[in-house]
Amino acid sequence: MSQTTRRDMLKFLGGAALASTGLLGKSAFAADKAKIVIIGGGIGGITTAKYLRMINKDVKITVVEPNSEYIFCPGSNEVLLGDPIADFIRTYDHPRKRYNFDMVADKVASIDYAKKSIKTAGGTTLPYDSLVISPGPTFVFDDIEGYSQGLAETKILHAWKAGKQTTMLRDQIRAMPQGGTMVIATPSMPFRCPPAPYERASFLAGWMEKHNPKAKIIILDKNPGFIFQIQYTKYWKDNFGFGTDKARIERISSQEGGAVAKVDAKNMTVTNAHGDTIKADVINIIPTNQPNELTVKSGLKKVDFGIEVNHHDMSIDGHPDVYLIGDSADFLVKTGYLAANQAKVVAQAIDDRLHGKSPGQPIYTNNCVAKASKDNFGMSITDTFRERDGKLLLAQTVQDPFPEEIDNPFLHHIRAAVSDNWQRSFRRAVFD
Ligand SMILES: Cc1cc2nc3c(=O)[nH]c(=O)nc-3n(C[C@H](O)[C@H](O)[C@H](O)COP(=O)(O)OP(=O)(O)OC[C@H]3O[C@@H](n4cnc5c(N)ncnc54)[C@H](O)[C@@H]3O)c2cc1C
């Protein structure tokens, strides 16, 4: 690799990614014509295509994705406050040309691991030498009585895949009567972006302060606790009377009956696990997240936190040329940042295998940013995972600000600005 190319690559890669991929040790481009098929043109899929092309100019890369554009979920809670959704939309033209990959505009219907090929709903068969699966989660609708996919697309929205539902939910909130009630119901962990339901509630309570001051948000939580609970609780106490009769945000935890058992869309009520019924003007149920139906249907093994993967390189046991990353993979944490990090590990593993090398020891990093208010209260958490003897270990977790710095408004202000920059630069890191 020439010095210029090496410098160019260094500009693209963060320190954690370098450590995880071992790119610094690489000395020559490959001359393979191997066929790499990637299922899903989301964060995991496009990051894999981009980084694989950066280290290997010869492989043939094909991304299969049914949609003509991708809408980023990270940051999309701000669309509920009025940010334009256009800021979150990316088309595939730019990365496709810049990183020289093909796209098939279709949904993968089946995978034949024995024949090493995939088949799309439209009937196209694509053979592969290596397959990367990153289709995001499948949402479950039949674990709540009265709930359905149809309702989730029309009235009881989830907005857990950014797009039309996000703007529809924004409009529902704006149309709420003065003094109305909104319910936000969470699924049990793991689900994509663990702080996002609480961030959503916090943002909207701030918005209501101005536009609908007597309105109220009730979080029906299927979990006993949640990430950044100390920080959110402080912000809600300081700003929304949390824990008092006049609270703008109320949270009912799983121990208190937070799980939703039933929804009645006609009468706009939800009934919780204890049989208590709440009437609301807007009901936002975030459905249970499961590994993507394609992965399960194709016979891959479901374990506690997703589809079982070999954490050494995100490959599937018994199928060394098949890799699975992103929200469907067996990781307790499910974020775009982690999906992108896994993608870089896989890009390097594919290139290593093509050169007869064994992939190096990976480091997976998750950096999760969240805010309690749009402008002045942000926080972040960084987790580092390492694989040892086939087991995934959480090597380090760092929160910023530290919980003991919770009373320092300056740090929260800085973190809110860092969070905004994170969102902008992350979208660029994946698609530009
Ligand atoms: C409200 C919200 C806020 C969030 N905020 C953050 C944040 O601040 N930071 C962060 O890191 N993460 C955040 N996330 C999480 C992040 O969006 C996901 O973790 C990330 O998108 C996972 O990447 P993925 O590649 O697994 O799936 P996706 O990015 O969802 O991509 C999957 C792609 O696969 C396609 N697909 C599905 N099935 C098929 C098929 N059969 N054939 C072909 N293609 C298929 C889909 O159309 C989609 O384009 C947030 C999520 C939400 C809902």
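Bear in mind that the values here come from a model prediction, so they are computed numbers and not experimental data.

1. Section: the environment of Gly299
Next up, step 1: Inspection of the secondary structure assignment puts Gly299 in the loop between α9 (293–297) and β19 (302–303).
Next up, step 2: Looking at Gly299, the relative accessible area reads 59%, which means it is exposed.
Next up, step 3: Taking the C-alpha atoms as reference points, Gly299 and Tyr113, 186 residues apart in sequence, are found 9.6 Å from one another.

2. Concerning the packing of aromatic side chains
Next up, step 1: By the definition in use, this model includes 19 aromatic pairs.
Next up, step 2: Arranged with centres 6.4 Å apart and planes meeting at 65 degrees, the rings of Trp160 and Phe191 form a pair that is edge-to-face. Separated by 31 residues along the polypeptide, Trp160 in the loop between α5 (149–154) and α6 (164–174) and Phe191 in the loop between β11 (181–185) and α7 (196–211) bring together distant segments of the chain.
Next up, step 3: Residue Phe191 is classed as buried on the basis of its relative accessible area of 1%.
Next up, step 4: An aromatic cluster of at least three residues, connected via ring pairs, comprises Tyr70, Phe72, Tyr92, Tyr337, Trp422, Phe426 and Phe431.

3. A look at the pattern of salt bridges
Next up, step 1: Across all of its chains, the model carries 20 salt bridges by this definition.
Next up, step 2: A salt bridge links Asp93 to Arg96, with the nearest nitrogen and oxygen atoms 3.8 Å apart. With Asp93 and Arg96 both in helix α4 (residues 93–98) and three residues apart, the pair spans about one turn of that helix.
Next up, step 3: Look at Asp93 and you get partly exposed, because its relative accessible area is 41%.
Next up, step 4: Linking Arg170 and Asp171 is a salt bridge whose minimum nitrogen-to-oxygen distance equals 3.1 Å.
Next up, step 5: For Arg170, a relative accessible area of 17% corresponds to the buried category.
Next up, step 6: Judged by its relative accessible area of 39%, Asp171 is partly exposed.

4. As for the packing of helix α3 (residues 43–55) against helix α10 (residues 336–354)
Next up, step 1: Close contact between α3 and α10 brings their axes to 8 Å; oriented N to C, the two are set at 35 degrees. Crossing geometry of α3 relative to α10 is assigned as right-handed. Across the interface between the two elements, Ile43, Gly44, Thr47, Thr48, Tyr51, Leu52 and Ile55 from α3 touch Gly336, Ala339, Ala340, Ala343, Lys344, Val346, Ala347, Gln348, Ile350 and Asp351 from α10.
Next up, step 2: Along the lines of polarity and charge, the residues of the contact of α3 with α10 split into 10 nonpolar, five polar and two charged.

5. Digging into the site of the ligand
Next up, step 1: Lining the immediate surroundings of the ligand are 33 residues, of which Glu65, Tyr70, Ser134, Arg192 and Asp327 lie closest.
Next up, step 2: Gly44 has a polar backbone atom sitting 2.9 Å from an oxygen atom of the ligand.
Next up, step 3: Taking Asn67, its side chain carries an N or O atom lying 3.2 Å from an oxygen atom of the ligand.
Next up, step 4: Burial of the ligand by the protein chains amounts to 96% of its free accessible area of 1,000 Å².
Next up, step 5: Mapped onto the shell around the ligand, the elements with two or more residues apiece are α3, α10 and α11 (409–431).

About the criteria used
- Residues numbered from 1 in each chain as written.
- Predicted model: local features only at pLDDT ≥ 70, side-chain atom pairs only at ≥ 80, totals over all residues.
- Heavy atoms only, no water.
- Helix = DSSP H or I, 4+ residues; strand = E, 2+ residues; numbered from the N terminus.
- Buried < 20%, exposed > 50% of the residue type's maximum accessible area, 1.4 Å probe, protein only.
- Phe/Tyr/Trp six-rings, centres within 6.5 Å; stacked < 30°, edge-to-face > 60°.
- Salt bridge = Lys/Arg side-chain N within 4 Å of Asp/Glu carboxyl O.
- Axes fitted to C-alpha atoms, helices over the stretch in contact; angles between N-to-C directions.
- Left-handed = near helix turned anticlockwise from the far one by under 90°.
- Contact = heavy atoms within 4.5 Å.
- Nonpolar A, V, L, I, M, F, W, Y, C, P; charged D, E, K, R; others polar.
- Near = heavy atom within 4 Å.
- Polar contact = N/O pair within 3.5 Å; in protein donor to acceptor, adjacent residues only side chain to side chain.
- Areas by Shrake-Rupley, 256 points an atom, 1.4 Å probe, with all protein chains shown as cover.

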